[in-house]
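A structural walkthrough
What follows is the residue order along each chain.
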Amino acid sequence: MHLLAEEQLSAGADAFLETIRGMKEPKALAGLAEKWKNDPRPWARTLMQRYLELPFDKPGHQVVVKRLFKAAELRGDDAVMARCLVAFDRLVRRVRAKEFQYDRVARVMIQSEILKTPRDVFSKAMSKYLTPKKLEKFRIFKYRTRYYLQRRVWRYYRKLGFKDGVRYLAALAPALAAFQDADLAAGEHLMDSWSLMHALHGESQAVEFSNLRAVLKEGRTLADLRPEPAFSKHWRTPEGVMAALELIVAAQSRLVRVWALAWHQELAKTITTAPSADVLTRMLAHGDEEVQSYGARLLAECAEAASWPLETWLKLLKCENPSVAQLLCDAMLKHVRDERVTLAQRVEIALAKATPIARLGLRLLEKTPPRDAAEREVIAGLWRAQCLGIGGEIVRWALAQLGTAEVYQMPVVCRFFDSANAGIREGAWAWMEQVNSPGWVDAALWSRLAETPYPDLRGRMVDALTLRVGKPPVGADDLAPVWTSVLLDVHRGGRQKLKALRQIADTLSLTPNEKLLPVLVAAVRSIRGPEARAALAAVMTLLAKRPELESAIAAALPELVLNPAAGNPLKAAA
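We now turn to the structure provided with this report. (Residues numbered from 1 in each chain as written. Predicted model: local features only at pLDDT ≥ 70, side-chain atom pairs only at ≥ 80, totals over all residues. Heavy atoms only, no water.)

What to know about the overall build of the protein chain
Short version of the rule: Labels follow the DSSP assignment, with helices taken as runs of H or I lasting at least four residues and strands as runs of E lasting at least two, numbered in each case from the N terminus. Working definition: with a 1.4 Å probe on protein chains only, accessible area under 20% of the residue-type maximum means buried, over 50% means exposed, and in between means partly exposed. It only takes one pair of heavy atoms within 4.5 Å for two residues to be counted as in contact. The Shrake-Rupley method, run with a 1.4 Å probe sphere, supplies the accessible areas, and residue values consider only the shown protein chains as cover.
Along the protein chain, the regular secondary structure elements total 31 helices and 4 strands. For the protein chain, buried positions account for 49% of its 574 residues. Sequence separation of 24 or more characterises 61% of the internal contacts of the protein chain that already satisfy a separation of 6 or more. Surface summary for the protein chain: the accessible area is close to 29500 Å², and the carbon and sulfur share equals 54%.

Structure, rendered in structure tokens:
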């Protein structure tokens, strides 16, 4: 395995990491570590960082960790040292235990809770007697060495703090952001993290640092800890304010994130620094609602927001948090003029899921009604609106522009009935029932509705068809009772349907009006065998009388084979 690891190291293979972690011989590991730490390739440096992020649970690897750490310290490698800081702080973790003392005077046993150092250090012959599962909790290095490593890695950052404040912040921030929630699951974990306690509370009056760990002073609790970091003078600069703001977004643990939030609020009282659009965008897209709310507050106070490109505002409006969404809308109305927003962008805003943002988009749309067919096609995209709260308002405005007799087009209007948003479908049906609505008399639209998968829309359609079937025709050419009967029977069945189908086919064969063709299509797709066969026969009869309708029927029924194979002249299958 040693030869394999050397070959992989020379070739720059990522499998080297797994191979070296499988080795246990200290002498062989020392030789590999020596070559690895002196490798100038970026690949080797990246692999060091990945190695130090993994648990120190491989016996014999003390020599590898020490040599990589000391080499990074010597050459001033801030990225590797950040991994070392987190890794060494993780090594010290006390556990809670119960302690019993007997009170001879009261003759009772007194129970108390203490913090105890666990027995989790590898011994030489341990792997021979324990299962791999039990070995998972053990780590390399004795506790005396662990304390030493914690102090030495913090000494590196302490020197940076005295020499170069800007580099100190740039080197420390990635280390703070790398802590996970699992690393700081309990209060004692924070107290055991020597470097982290210095970084966050190094100047706190509630903490004193013993020769082993941070200890709360008499009468103080964790609730007394406030953001008082070591080298606070470096944080109280514009660069420090921006570092704290960036840490709010980048921190992976809630403890560090809450600390950064409180610390930035404290710094912002005396130092005014405008956050960048990129940072605010990431804050508003963050999974923590506290970060989103704070980002929205900073956005409302940001004077530079008026000069941001509109694409930045559209990214910000992707937020789905209702409480934050209203603040975003207020900020956009304050900083962005209406004429900067195009029609397509207004539609995009109206498609948002959050009610305040969707309402903002609708408000902008109401100021600019469409002027031509191209703009009406853009507005037709509102059928994809996601907001349930104002879906009815959106479709009411949209169909007021698209559903008039002068511009009505069935394929465009039908999209609103196919929307997954129940509010959109309800609003579309309300438009359908209006007086003089073009959709109410359009057999093609009713035929499309007959295939709807939504129970709410199907129930309303059947109720409306039931009423219309019983009404007498307005004139000799009025076939509404006929096609409504066909569509109604598609859902409930009926003996009059076959006769109605023949009437529609005869009408289509004598008149150029093709609006009734979708009714036949709906009947052909019926799940009832006799009705589907009768409709198919009516279609073939119509084709025999009017061959010019072949292209229209082929477009409406693509599953119908109109040109059967030569050997089967009588075959026509749907």
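Concerning the packing of aromatic side chains
Defined as follows: When two rings of Phe, Tyr or Trp (its six-membered ring) have centres within 6.5 Å they constitute a pair, described as stacked for plane angles under 30 degrees, edge-to-face for angles over 60, and tilted for the intermediate range. Counted as over-ring charges are cases with an Arg CZ or a Lys NZ within 6 Å of the ring centre that also lie within 35 degrees of the ring normal.
The tally for this structure, following the rule as stated, stands at 16 aromatic pairs. Measuring from ring centre to ring centre gives 5.1 Å for Phe69 and Phe88, while their planes differ by 85 degrees; the resulting arrangement is edge-to-face. With Phe69 in helix α5 (residues 62-75) and Phe88 in helix α6 (residues 78-91), this pair connects stretches of sequence that are 19 residues apart. For the residue pair Phe69 and Phe88, the accessibility class agrees, reading buried in each case. Residues Tyr408 and Trp431 carry aromatic rings whose centres are separated by 6.2 Å and whose planes lie at 20 degrees to one another, so their mutual orientation is stacked. A residue pair is termed long-range when its members are at least 10 positions apart, and Tyr408 in the loop between α22 (391-402) and α23 (410-417) and Trp431 in helix α24 (residues 422-432) qualify at 23 residues. For Trp431, a relative accessible area of 6% translates into the label buried. Among the aromatic side chains, those forming a connected cluster through ring pairs are Phe16, Trp36, Trp43 and Tyr51. Just above the ring of Tyr143 sits the side chain of Arg146; from NZ or CZ to the centre is 4.3 Å. Positioned above the aromatic ring of Trp194 is the side chain of Arg151, whose terminal nitrogen or guanidinium carbon lies 3.9 Å from the ring centre.

Focus on a nonpolar patch on the surface
Which entries qualify depends on this criterion: In this analysis, a patch consists of residues with relative accessible area above 30% that form no salt bridge, clustered at 9 Å for like charges and at 5 Å for the nonpolar side chains Val, Leu, Ile, Met, Phe, Trp and Tyr. One speaks of a salt bridge when a side-chain nitrogen belonging to Lys or Arg is within 4 Å of a carboxyl oxygen belonging to Asp or Glu.
Judged by side-chain polarity, Phe100, Tyr102 and Met109 come together as a nonpolar surface patch covering roughly 360 Å² of accessible area. Under the relative-accessibility criterion, Met109 is labelled exposed at 52%.

A word on the environment of Glu18
Its place among the elements puts Glu18 in helix α2 (residues 15-21). Sequence separation of Glu18 and Tyr51 is 33 residues, and the distance between their C-alpha atoms is 9.3 Å.

Quick notes on helix α20 (residues 355-366)
This is how it is decided: A helix is expected to reach a length of 1.5 Å times the quantity of its residues less one.
Counted at 1.5 Å a residue, the expected span for α20 with its 12 residues is 16 Å, and the 16 Å between its end C-alpha atoms agrees. Among the residues making up α20, those that are buried are Pro356, Ile357, Ala358, Leu360, Gly361, Leu362, Leu364 and Leu365. Close packing links the buried residues of α20 with α18 (322-335), α19 (343-350) and α22.

Points about unusual backbone geometry
With phi around 55 degrees, Phe231 is a residue other than glycine that occupies positive phi space. By the secondary structure assignment, Phe231 is in the loop between β4 (214-216) and α12 (232-235).

Here's the deal with the pattern of salt bridges
Inspection of the entire model under this criterion finds 30 salt bridges. The shortest N-O distance in the salt bridge between Lys269 and Glu266 comes to 3.6 Å. Residue Lys269 is classed as exposed on the basis of its relative accessible area, which comes to 66%. Assessed through its relative accessible area of 34%, Glu266 is described here as partly exposed. Here Glu301 ties to Arg297 by a salt bridge, and the two come within 3.9 Å at their closest N and O atoms.

Focus: the nonpolar core
The nonpolar side chains of soluble globular proteins are, as a tendency, buried together. Where we set the bar: Take the buried Ala, Val, Leu, Ile, Met, Phe, Trp, Tyr and Cys residues and link them wherever side-chain atoms come within 4.5 Å; each set so joined is a nonpolar core.
Counting 116 residues, the largest nonpolar core has Trp36, Phe88, Tyr157, Tyr168, Met283, Leu299 and Trp313 as its most contacted members. Looking at this core element by element, the count peaks at 9 residues for α6. Apart from the residues lying within four places of it in its own chain, the contact partners of Tyr168 are Trp154, Tyr157, Leu160, Gly161, Ala230, Phe231, His234 and Trp235.

Re the environment of Ala300
You can see Ala300 is positioned in helix α16 (residues 289-301). As a C-alpha pair, Ala300 and Lys334 span 34 residues in sequence and 8.7 Å in three-dimensional space. Once residues within four sequence positions are removed from consideration, Ala300 is found in contact with Ala331, Lys334 and His335.

Concerning the side chain of His286
Test applied: In the analysis that follows, any N or O atom pair within 3.5 Å is treated as a polar contact, provided that within protein one partner can donate a hydrogen and the other can accept it, and provided that, for residues neighboring in sequence, both atoms belong to side chains.
Counting through the fold element by element, His286 comes out in the loop between α15 (277-284) and α16. Here Asp288 takes part through its backbone nitrogen, which lies 3.0 Å from a polar atom of the side chain of His286. Apart from the residues within four sequence positions on either side, His286 is in contact with Ile248, Val249, Arg257, Val291 and Gln292.

Re the pairing of strand β2 (residues 108-116)
As a general feature of sheets, a regular strand has side chains that alternate between the two faces. For clarity, the threshold we go by: Two strands form a pair only when DSSP identifies at least two bridges running between them.
Two elements, strand β1 (residues 95-103) and β2, share 9 bridges in a ladder whose sense is antiparallel. What sits directly across from Arg96, in β2, is Leu115. Linking two consecutive strands that pair antiparallel, namely β1 and β2, is a turn of 4 residues; a positive phi of about 55 degrees is found at Arg107 within it.

Some thoughts on the packing of α16 against α18
Defined as follows: Lines are fitted to the C-alpha atoms to define the axes, a helix being fitted only along its stretch in contact, and any angle between axes, read from their N-to-C directions, falls within 0 to 180 degrees. Angular relationships are summarised with four words: roughly parallel below 35 degrees, roughly antiparallel beyond 145, roughly perpendicular across 65 to 115, and oblique for the angles in between. Helix crossings fall into two classes, left-handed where the near helix is turned counterclockwise from the far one by less than a right angle and right-handed where it is turned clockwise. Residues are grouped as follows: Ala, Val, Leu, Ile, Met, Phe, Trp, Tyr, Cys and Pro are nonpolar; Asp, Glu, Lys and Arg are charged; all remaining types, including Gly, are polar.
Relative to each other, α16 and α18 sit at 15 degrees, their axes nearing to 9 Å. On the basis of the axis angle, α16 is roughly parallel to α18. Crossing angle aside, the handedness with which α16 passes α18 is left-handed. Within the contact between the two elements, α16 uses Gln292, Ser293, Ala296, Leu299 and Ala300 and α18 uses Val324, Leu327, Leu328, Ala331, Lys334 and His335. Partitioning the contact of α16 with α18 into residue classes produces 7 nonpolar, 3 polar and 1 charged.

Some thoughts on the side chain of His234
Mapped onto the secondary structure, His234 falls in helix α12. At a separation of 2.6 Å, a polar atom in the side chain of His234 contacts the main-chain carbonyl oxygen of Gly161. With sequence-adjacent residues up to four places away left out, His234 is seen in contact with Gly161, Gly165, Tyr168, Leu169 and Gly240.

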